[in-house]
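# Chains, contacts and geometry: an overview
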Amino acid sequence: MKNLTIINHPLVKRDLTVLRNKQTPNNIFRAVLRRTAALMAYEVTRDLPLKSVQISTPLEATKGSKVEKPIVLVPILRAGLGLVGGFVEVIPDANVGHIGLFRDEQSLRPVDYYFKVPKHLGTSLVLLLDPMLATGGSAVAAIDYLKQKGARMIRFVSLVAAPAGVKKISQAHPNVRMYTCALDRGLNEHGYILPGLGDAGDRMFGTE
Ligand code: PRP
Ligand code: URA
């Protein structure tokens, strides 16, 4: 799939194994997800355009680099919150928006309950964050909203993705690049990713 990048870094694979393991307790799950997010941020931003800036070291004038476009992080609540800390660690000047969506358990359709995004999305690189891309309903609804608010450059970042979700995004929004740490086998009858890691929100917040 040409719009999909799989982050294959060995440290990410190590962390994903801990996150998938059902014996991992909530506190470790949160800490490892945060660390993985910082590693993902590094990969997702690897090709960012830079502009040259003039600075002075204590010894002489020299040229340095600055990231050209502002970066806006937008987690999809709740589970997307688990990725924000790691991204902010390596992109400390990012602004952060929030999109509140949950899947209806019967229909698997996304239900929206909250939207708040920074202004000037149109000139920013928007990184939409959600650990789980299952049917793709939530991601497509979030991208629809961001585009309605003026976003033009959007990257969708997940930890684990199912083929159905990748297909749905690439059909609905072919100009959105997707990043994930694993493309899993498929979905079960309840729309859960297989092998996946279970319900990411519940595992983060202990709400099962
Ligand atoms: C999960 C996940 C995604 C969505 C993925 O959220 O964090 O947002 O499901 O499923 P989809 O691709 O089929 O739309 P959930 O609805 O469980 O809400 P929560 O994060 O508040 O628990
Ligand atoms: N949401 C989750 O949290 N996990 C899945 O496997 C699918 C949707």
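Everything below is about the structure shown above.
So, here is what we can say about the structure in this document. Note on numbering: residues in each chain are counted from 1, in written sequence order. Lettering for chains starts from A, numbering for ligands starts from 1, and both go in the order in which the items are written. Owing to the predicted nature of the model, reporting of local features is limited to residues with pLDDT of at least 70; listing and counting of side-chain atom pairs is limited to 80 or more, with chain, interface and lining totals taken over all residues. Neither water nor hydrogens contribute to the side-chain values; these are computed over all heavy atoms in the structure.

### Some thoughts on the nonpolar core
Only buried residues count toward a nonpolar core, which is a set of Ala, Val, Leu, Ile, Met, Phe, Trp, Tyr and Cys residues joined through side-chain atoms within 4.5 Å. Exposure categories follow from relative accessible area, calculated using a 1.4 Å probe and restricted to protein chains: below 20% of the type maximum is buried, above 50% is exposed, and the middle band is partly exposed. With 36 residues, the main nonpolar core has Met40, Phe87, Leu127, Leu129, Leu159 and Leu197 as its most contacted residues. Elements are defined by DSSP. Helices are runs of H or I of four residues or more, strands are runs of E of two residues or more, and each kind is numbered from the N terminus. Sorting the residues of this core by element identifies helix H1 (10-20), helix H2 (26-44), strand E4 (71-77), helix H3 (81-90), strand E8 (125-129) and helix H6 (200-205) as the ones contributing at least two each. Examining the composition of this core, we find that 7 residues originate from one element, H2, more than from any other. Here, residues are in contact when the closest pair of their heavy atoms is within 4.5 Å. Contacts of Leu129, omitting those with residues within four sequence positions, involve Leu73, Val74, Pro75, Ile76, Gly80, Leu83, Val84, Phe87 and Val157. If you look at the next biggest cluster of nonpolar residues, it comprises 25 residues, including Leu101, Leu133, Ala151 and Val176.

### So, the layout of surface pockets
Every definition here rests on a 1 Å grid over the protein atoms only: cavities are sets of points where a 1.4 Å probe fits but cannot get out, pockets are open sets enclosed by protein on both sides within 12 Å along at least five of seven lines, and lining residues have some atom within 4 Å of a point. Grid points are joined across faces, edges and corners, and a volume is the space filled by probe spheres set on the points. If you add up the space inside the largest pocket, you get close to 720 Å³. Along the wall of the largest pocket there are 31 residues; nearest its centre are Phe102, Arg103, Tyr192, Asp199 and Ala200. For the lining of the largest pocket, the secondary structure elements donating two or more residues are E4, strand E6 (98-103), strand E9 (132-133), helix H4 (137-148) and H6. Charged residues are taken to be Asp, Glu, Lys and Arg, nonpolar residues to be Ala, Val, Leu, Ile, Met, Phe, Trp, Tyr, Cys and Pro, and polar residues to be all remaining types, Gly included. Partitioned by chemical class, the residues of the lining of the largest pocket number 16 nonpolar, 9 polar and 6 charged. Counted as a void, the second largest pocket has a volume near 370 Å³. Leu48, Val67, Ile71, Ile91 and Asp93 are, among the 17 residues lining the second largest pocket, the residues nearest its centre. Listed by contribution, the elements that provide at least two residues to the lining of the second largest pocket are H2 and strand E3 (61-67). Taken together, the residues of the lining of the second largest pocket sort by class into 10 nonpolar, 2 polar and 5 charged.

### Quick notes on the pairing of E4
The element E4 is extensively covered by neighbouring structure, given that 7 of its 7 residues are classed as buried. Burial of E4 is two-sided: the residues Ile71, Leu73, Pro75 and Leu77 facing one way and the residues Val72, Val74 and Ile76 facing the other way are all buried. Sheet topology note: the E4/E8 ladder contains 5 bridges and is parallel. Paired with Leu73 across the two strands is Leu127, which belongs to E8. Criterion used throughout: strands pair if DSSP finds at least two bridges between them.

### A look at the pairing of E6
Within a regular strand, the side chains alternate between the two sheet faces. In this structure, E4 lies alongside E6, joined through 2 bridges in parallel fashion. Within E6, the position partnered with Leu77 by the bridge is Gly100. By the bridge criterion, 6 bridges tie E6 to strand E7 (residues 110-116) in an arrangement that is antiparallel. In the strand pairing of E7, Leu101 is matched with Asp112. The turn joining E6 and E7, which pair antiparallel and follow one another in sequence, is formed by 6 residues; a positive phi near 65° is taken by Leu108.

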